[in-house]
Amino acid sequence: MHTTSKKAAISFIFITLLIDVMGWGLIIPVMADLIAQLKHIPVNEASTYGALLLSVFAITQFLFAPVIGNLSDRYGRRPVLLLSLLGFGIDYIILALAPHYGWLFIGRVIAGITGASFTTATAYIADVSTDETSKAKNFGLIGAAFGLGFVLGPALGALLATWGIRAPFYAAAALCLLNCLYGYFLLPESLAKENRRPFEWKRANPFGSLKFLTHHPEIGGLAFSFFLIYLGSQAVQGNWNFFTIYRFNWSEKMVGISLAVVGVLVGAVQAGLTRVINPKIGNEKSIYLGLSLYAFGLLLFAFATQGWMMFAFLIPYCLGGICGPSLQSVISGHVPPNQQGELQGALTSLMSLTTVVGPLIMNSTFAYFTSARAPFYFPGMHFLIGAVCMMLSVIITYKVLTREKRENPELANVIKGSAPMGETPMH
């Protein structure tokens, strides 16, 4: 592949990931009201049905991501990426036209099956990057696409929502299908025929990556801590739109603006703050400080009584993102270099599982504590559960790291040291 087509291909991958993230950001502001409208129920009751949509998407993605990844190793990246974009485009059209809630379910299943654009796009970047420097630069585009998508998507969704509850779905569908068309004519294949391998079902097993954790009991405690962080963050991710519309009577526009603010804050923490704070105070302190800020932010959300408070409380919550890179650095320090890929696969699977169970727990809690059946009225109960998850994570991590520093002096430097960049649970 010559330089010009390689640049065009990288640009296409960047746009694909941007649209992927933007598409979801576009529809979040209107999703709560659409479900409430289709089910003819109040928005707090609709949150349970919203959780089911998030979970069915996460389940199908968890089951099909390794299958899609293996298909791209067999048939090439190009057809898989184009089918993925087509699948998302069809999903958004179904959501836009849905006369009943059941249609939303079908759309999310289609999106979950085809939604492996991230893993295939990552493989494409690895294929076309000739050396480590260009690989690092190209992979940096993934983070940039995510950051930009999380700001542009909700902001655009908020703007389009003023034209009607279905408008953001049509916009998301148009973006996906136009990108699919662009890719069909301009995207070259990155995986040479001689580098392809036969499709094997045993390699496409989604539970295979989780087995890795059973082979490494020494990271069990930290992996559980990692799981709790992402589970706690589902209180925000899965229920922000339902909670703010119900509690503060926010419009779709206000929900979109608030999520764009989240995107800006998360971007600032990931791109700037972690690079300054983490090397200065080291891994261990970054983990404890970050997790405490997450817990504090969730606690504040739980007791917020006015809409402006949610914006103010986003600051300590998003600052909690400084713990992510450090925790990942400490966990990866337990594993040899040739097993880092497997470790990241296992951590990704853990994150996927929190997306399956998290919304069901958090949204059902919110719906219950705002219903007549509840022993007392408390709309912020799910945030309180999230805060407990974060505090448990602090306690578990502290116990594990204190013991390891005492028993394994070699790991002490990794535990105390500075961290490379990683992900935060806001994503």
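Residues numbered from 1 in each chain as written. Predicted model: local features only at pLDDT ≥ 70, side-chain atom pairs only at ≥ 80, totals over all residues. Heavy atoms only, no water.

## Overview of the overall build of the protein
Applied cut-off: Only DSSP runs of H or I with at least four residues qualify as helices, and only runs of E with at least two residues qualify as strands; both kinds are numbered from the N terminus onward. Burial classes follow relative accessibility: with a 1.4 Å probe on protein chains only, a residue under 20% of its type's maximum area counts as buried, one over 50% as exposed, and anything between as partly exposed. Throughout, a residue-residue contact means that at least one pair of heavy atoms, one from each residue, lies within 4.5 Å. The protein chains shown are the only cover counted for residues, whose accessible areas, like all others here, come from Shrake-Rupley with a 1.4 Å probe.
Within the protein one finds 16 helices and 0 strands. Burial statistics for the protein: of 427 residues in total, 53% are counted as buried. In the protein, 84% of the contacts between residues at least 6 apart in sequence involve partners at least 24 apart. With an accessible surface of roughly 18300 Å², the protein has 68% of that area assigned to carbon and sulfur atoms.

## Notes on the packing of helix 11 (residues 252–302) against helix 12 (residues 307–319)
The test is simple: Note on definitions: angles span 0 to 180 degrees between N-to-C directions of axes, and those axes are lines fitted to C-alpha atoms, for helices only across the stretch in contact. The scheme is simple: roughly parallel for angles under 35 degrees, roughly antiparallel for over 145, roughly perpendicular for 65 to 115, oblique for anything else. Throughout, the ten residues Ala, Val, Leu, Ile, Met, Phe, Trp, Tyr, Cys and Pro are labelled nonpolar, Asp, Glu, Lys and Arg are labelled charged, and all others, Gly among them, are labelled polar.
Look at helix 11 against helix 12: their axes get within 7 Å of each other, and the N-to-C directions meet at 30°. It follows from the interaxial angle that helix 11 and helix 12 lie roughly parallel. Split into classes, the residues belonging to the contact of helix 11 with helix 12 amount to 23 nonpolar, 2 polar and no charged.

## Observations regarding the nonpolar core
Under the convention used in this document: To qualify as a nonpolar core, a set must consist of buried Ala, Val, Leu, Ile, Met, Phe, Trp, Tyr and Cys residues joined through side-chain atoms within 4.5 Å.
Formed by 94 residues in total, the largest nonpolar core has its most connected members in Leu 104, Leu 298, Phe 301, Met 310 and Phe 383. Not counting the four nearest positions on each side in its chain, Leu 104 is found in contact with Leu 34, Ile 35, Leu 38, Leu 53, Leu 95 and Ala 98. Listed in part, the 16 residues of the second largest apolar core include Ile 13, Leu 82, Tyr 124 and Cys 180.

## Points about the environment of Leu 141
Of note, Leu 141 is situated in helix 6 (residues 132–160). Leu 141 gets classed as partly exposed once you look at its relative accessible area, which sits at 28%. If sequence neighbours within four positions are ignored, Leu 141 has contacts with Ile 10 and Phe 14.

## Quick notes on the confidence of the model for the protein
Let me state the cut-off plainly: A residue's pLDDT is the predictor's confidence in that residue, given on a scale from 0 to 100.
On average, residues of the protein score 84 in pLDDT, and 88% of them are at 70 or above. Counted against residues more than four places away or in other chains, residues 418–427, with its pLDDT under 50, gives 45 contacts.

## A look at helix 2 (residues 43–75)
Selection rule: Here, expected helix span is obtained from the residue count minus one, scaled by 1.5 Å. Bending is quantified residue by residue as the angle between axes fitted to the seven-residue window ending at that residue and the seven-residue window starting at it.
Across its 33 residues, helix 2 extends 44 Å between first and last C-alpha, which sits within 8% of the 48 Å expected from 1.5 Å per residue. At Phe 64, helix 2 shows its maximal bend, which comes to roughly 40°, and the proline Pro 66 appears one to four places after that position. Immediately downstream of helix 2, the backbone of Gly 76 shows phi near 105°, a positive value.

## What about the environment of Arg 196?
Looking at where Arg 196 falls in the secondary structure, it is placed in the loop between helix 7 (167–186) and helix 8 (208–215). A relative accessible area of 23% means that Arg 196 is categorised as partly exposed. Arg 196 sits 123 residues away from Asp 73 along the chain, and the two C-alpha atoms are 5.5 Å apart. Not counting the four nearest positions on each side in its chain, Arg 196 is found in contact with Asp 73, Arg 74, Tyr 75, Gly 76, Glu 189 and Leu 191.

## Digging into the state of the cysteines
The criterion, for reference: Cysteine sulfur pairs qualify as disulfides if the two atoms are within 2.5 Å.
Counted by the stated rule, this structure contains 0 disulfides. Here Cys 180 stays unpaired: no disulfide links it, and the sulfur of Cys 176, its closest cysteine neighbor, is 8.9 Å away. Overall, Cys 180 belongs to the buried group, its relative accessible area being 12%.

## Thoughts on the packing of aromatic side chains
We count it as follows: Put simply, two rings from Phe, Tyr or Trp (the six-membered ring, in Trp's case) pair if the centres are within 6.5 Å, and we call them stacked under 30 degrees between planes, edge-to-face over 60, tilted for the rest. Whether a charge sits over a ring depends on NZ of Lys or CZ of Arg being within 6 Å of the ring centre and within 35 degrees of the ring normal.
Under the defined criterion, the tally for this structure stands at 21 aromatic pairs. Between the aromatic rings of Phe 243 and Phe 383, the centroid separation amounts to 4.9 Å while the plane-to-plane angle is 85°, which identifies the pairing as edge-to-face. Taken as a pair, Phe 243 in helix 10 (residues 240–248) and Phe 383 in helix 15 (residues 381–407) lie far apart in primary sequence, 140 residues in all. Grouping residues by exposure puts Phe 243 and Phe 383 together as buried. An aromatic cluster of three or more residues is present, and its members are Trp 240, Phe 243, Tyr 246, Phe 248, Trp 250, Tyr 294, Phe 301, Phe 311, Tyr 317, Phe 366 and Phe 383. The lysine or arginine in question, Arg 74, covers the ring of Tyr 75, its NZ or CZ lying 4.8 Å from the ring centre. Cation over ring: Arg 108 sits above Phe 57, and NZ or CZ is 4.8 Å from the ring centre.

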